[in-house]
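Chain by chain, the residues:
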Amino acid sequence: MQSDYNAAWHTLAMNEAFSKLESSPEGLSPAEAQARLAQVGQNKLKEGKRKSVFAIFLAQFADFMIWVLIAAAVISAFLGEWVDCGIILFVVILNAVMGTVQESRAEAALEALKNMVAPMARVVRDGVLHIVPAALLVPGDVVLIEAGDLIPADIRLFECASLKVEESALTGESVPVDKDTKPVGDAGAAIGDRTNMAYMATSAAYGRASGVVVSTGMETQVGKIAAQLGAAQKETTPLSQKLNQISNILSIGVLIVAALIFAIGLLSGRELFDMFLTAVSLAVAAIPEGLVAVITIVLAMGMGRMAQRGAIIRRLPAVETLGSTQVICSDKTGTLTENRMTVKSVRTDDEPLLWQAMGHCNDSRLSKKDKALGDPTETALIDYLLQNGHWSTDALRGRTRAGEIPFDSQRKRSSVAVGLKQGGLRIFVKGAPDVLITRCLLDDDMRARIERENDEMAEKALRVLAFAYKDVETVDTRDVEGTESELIFIGLVGMIDPPRAEAAEAIRTCRAAGILPVMITGDHKATAVAVAQSLGILSDGRRALTGAELEQMDDAALDADIEGIGVYARVAPEHKTRIVEAWQRRGKVVAMTGDGVNDAPALKKADIGVGMGITGTDVSKGASDMVLTDDNFATIVTAVGEGRRIYDNIHKTAKFLLSSNAGEVIAVLVATLLGWRMLAPVHILWINLVTDTFPALALGVEPAENDIMQRSPRDKKTAFLTGGDWLRILCVGAAEALLTLAAFIVGARVYASPELGMTMAFLTLSLTQLFATLGFQSERHSVFTMKAGQHRALWIALFGSAALQMIVVLVSPLRELFGLAAPSLVQYGIVLGLCIGMLMFIELLKSFTRMLWKRGEEK
């Protein structure tokens, strides 16, 4: 069905295009759109095939050490050691199953997040405007395009208002292209010369338009390019790369130690195959190959949790950076405020004319239920007009224009031309008072009065719009300067957008967390200051700066003064980039919000670009690392807290796994040096299986510690594992090893039973790691202050792992398979005492660390 729609669309007149598509300017009916969707499929580019579960399972065996283990199992079988063979294969297969489950879960979480950031489109069906996922567009759909939108499909334009489209993704041309609706005569015209077409994956840089979809999905121009490309590479985060490097270095170290143990064992007279199996088992258990996999799952689960709370992470590295955020530069309107404008004050000498200007110079539309839809400022004007009876709903729906100049953040104004009954045209202009006043014919007294009235409104934290007009015979809307000059002033309208109730608390949380909040707005300085003061942004003595004042400062002056500025008012979007760069030159990690096309450079430049999910353009969302589904500043602060929690948990997990591996290596190395056969190879593999996976994942999903937002941000230059961290890892590993050796001595020497010594060592090495998990639950606070009910996953992991470990000793057939003895209650008590000693040792380490932190803070 899709191929039936292929044509040289740019050469066709609009009536021909609509006829060929069996559509009209009113759009398709919902039923017809659904039928076409079933025929042509979703408007998506094909992606590389996802790995099947079986392929993921096979990938778990793509490791040299695993194949060495399998070879060891085969040799065991050849030698008649069927028990060893069975246990080794069981552990290998179970490891592969668990790895498959983990990787599949991470893939599913990331796929769900990708779907959540799918672009939306404004589509007209049966004459009614709908907002739908762009994936549901079909040929024949009529879509509306505004500045900042990503073009959602290949579209033939039939209405244009100063539309410019940035097409560099397809043509390489960096300058936006002017669009119109006239047919292009040359059927072979290049894409860049098809001025009546807008193509998928390009973006509207200016103006607005309406068009009909002619191609979707892989039939679009960008789809044909995509068909020639391979699947994209999987994203890895800087943290994952660092951990991979750590794992690789440790792997080399472990292999050297394993080879040393093998050599020492042989020289001590131990059996060749037994030492070979011991060395391989230790290497498999001690190499932290699962560390990155666990971290990926923790990140993916954290991203899912953030999405549920209104912050969709578009790039994995953003999760790592969030925890280091030191400055949050936020828009005011809709982010710190409710984005629910209400007209509070009107100043004019000609009310009827002002009502006309407010209604005509307004892009808002009415829904079927007569609700104003569109920009919050413009809907507030419509609401005021309807509520006070100045316009009827029929009159608003019947508005027509003879021309328009859309709003532009540089000009800070917009204009429309409407026909007059007596002939000629009236141009209504709406914009910022300080800009519009300069374009009006005013005497000094009138100018002073208007400026005074504007200041009075602004001091009450009102957002003020000015309106003006002029009558002309004809108009050329391409002549912006001429059209918007020599105007007659009409009046001022003051509106208020109240601060969000939760914003003030979020600001207080920021300050407690060592994060500096900064407001950036295009509003009048007095308005911005009033809102900032009510929220507590300026409570620290910082001041407000206007865009004009910022223009007068060079970079050196801005760098010197940046920390004393809390509010930027009357700024243009490009000023945001300067502000970000100034903070970054001070070594700060900066989050920046934005919703417009011109915000994209600042969003990309910031360490965390935050796009607005409701009011944001597709371009700004595409440039962002994080998108807010509720456009709420408090959600940014929540996301920072979640980022800190995730980083904290990853840090705990890494230290736990590395200390556990260190304990195993040290214990086996010392035992081999002393000539003891303390643990069999299968014991090492089993301990690694039971103690590493579940406790590590449980640490990864731990709830945030109560004081996580009372700490200073983490310095991004600080290594993931500092020298102090490595020292603690070695200390905990050494303690686990010493306690394990002590357990073996008690069983083998005190009770004169090597089999019992092996059993007690087996239990102690595994259970001390589980008790250590409790110690790693918080890196700062004592385990005895934790609230047990808040750590359900941790308790399930610990008791589950402990149960698996105890089953091997308590169930007679399994005990015989593993070559273990049955300890008495007293001997179990000794093991428990050693495990408690492990926990006490970690608590002493934490107590010592807290003392050092306290001394450092006092200095």
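Read on for an overview of the structure. (Residues numbered from 1 in each chain as written. Predicted model: local features only at pLDDT ≥ 70, side-chain atom pairs only at ≥ 80, totals over all residues. Heavy atoms only, no water.)

1. Thoughts on the environment of I450
Heads up, the rule is: Strands here mean DSSP runs of E at least two residues long; helices mean DSSP runs of H or I at least four residues long; both are numbered from the N terminus. The cut-offs for exposure are 20% and 50% of the maximum accessible area for each residue type, with area from a 1.4 Å probe on protein chains only; residues under the lower value are buried, those over the upper are exposed, and the others partly exposed. By the convention used here, residues are in contact when the closest approach between their heavy atoms is within 4.5 Å.
As for its position among the elements, I450 is in helix α16 (residues 444–459). In this structure I450 comes out as buried when scored by relative accessible area, which is 0%. Between the C-alpha atoms of I450 and R347, which are 103 residues apart in sequence, the distance is 8.9 Å. In this view, I450 contacts I437, L442, F489 and L492; residues no more than four positions away in its chain are not counted.

2. Re the nonpolar core
As a reminder of what qualifies: Side-chain atoms within 4.5 Å link the members of a nonpolar core, which is a set of buried Ala, Val, Leu, Ile, Met, Phe, Trp, Tyr and Cys residues.
Within the largest apolar cluster, 114 residues are counted, with the highest numbers of intra-cluster contacts made by I328, I537, M626 and F633. For this core, the element with the most residues is helix α25 (residues 633–673), which contributes 17 residues. M626 has contacts with A311, I312, I313, L322, G609, V610, G611, I636 and A639, leaving out every residue within four places of it along the chain. Counting residues in each nonpolar core, the second largest holds 26 residues, with A380, Y384, V416 and V418 among its members.

3. Details of helix α18 (residues 503–512)
Spelled out, the test is: Each direction from the helix axis to a C-beta atom contributes to the arc, which is the arc of those directions.
Looking at α18, one finds that the buried residues are A503, A504, A506, I507 and C510. Angular distribution of buried residues about the axis of α18 spans 160 degrees; they occupy a single face of the element. Buried-residue contacts for α18 involve β9 (327–331), β18 (516–520), α19 (525–535) and α25. Downstream of α18 by one or two residues, G514 has phi in the positive range, about 75 degrees.

4. Quick look at unusual backbone geometry
One non-glycine residue with positive phi stands out, namely S162, at about 55 degrees. Of note, S162 is situated in strand β4 (residues 154–166). Although it is not a glycine, R570 sits at a positive phi angle of roughly 55 degrees. Within the fold, R570 resides in the loop between β20 (565–569) and α22 (573–585). The buried category is assigned to R570, whose relative accessible area is 15%.

5. With respect to the pairing of strand β7 (residues 203–215)
Selection criterion: At least two DSSP bridges between two strands are needed for those strands to be called paired.
Along β7, 11 of the 13 residues are buried, which leaves the element largely enclosed by surrounding structure. With 5 bridges connecting them, strand β3 (residues 142–146) and β7 associate as antiparallel partners. Residue L144 lies in a different strand from β7, and its bridge partner there is S210. As judged from the 10 bridges shared by β4 and β7, these two strands associate in the antiparallel manner.

6. A short note on the packing of aromatic side chains
Condition: Classification of ring pairs uses Phe, Tyr and Trp, with its six-membered ring standing for Trp, and accepts pairs whose centres are within 6.5 Å; under 30 degrees between planes counts as stacked, over 60 as edge-to-face, and the remaining range as tilted. The rule is short: NZ of Lys or CZ of Arg within 6 Å of the ring centre and within 35 degrees of the ring normal puts a charge over the ring.
As enumerated under the stated definition, the model contains 8 aromatic pairs in all. With centroids separated by 5.4 Å and ring planes inclined at 35 degrees, the aromatic side chains of W676 and F744 adopt a geometry described as tilted. Here F744 lies in helix α27 (residues 723–750) and W676 lies in the loop between α25 and α26 (681–700), a separation of 68 residues in the sequence. For the pair W676 and F744, one class covers both residues: buried. An aromatic cluster of three or more residues is present, and its members are W686, F762 and F818. The ring of Y647 carries the charged tip of R714 above its face, separated from the ring centre by 3.5 Å.

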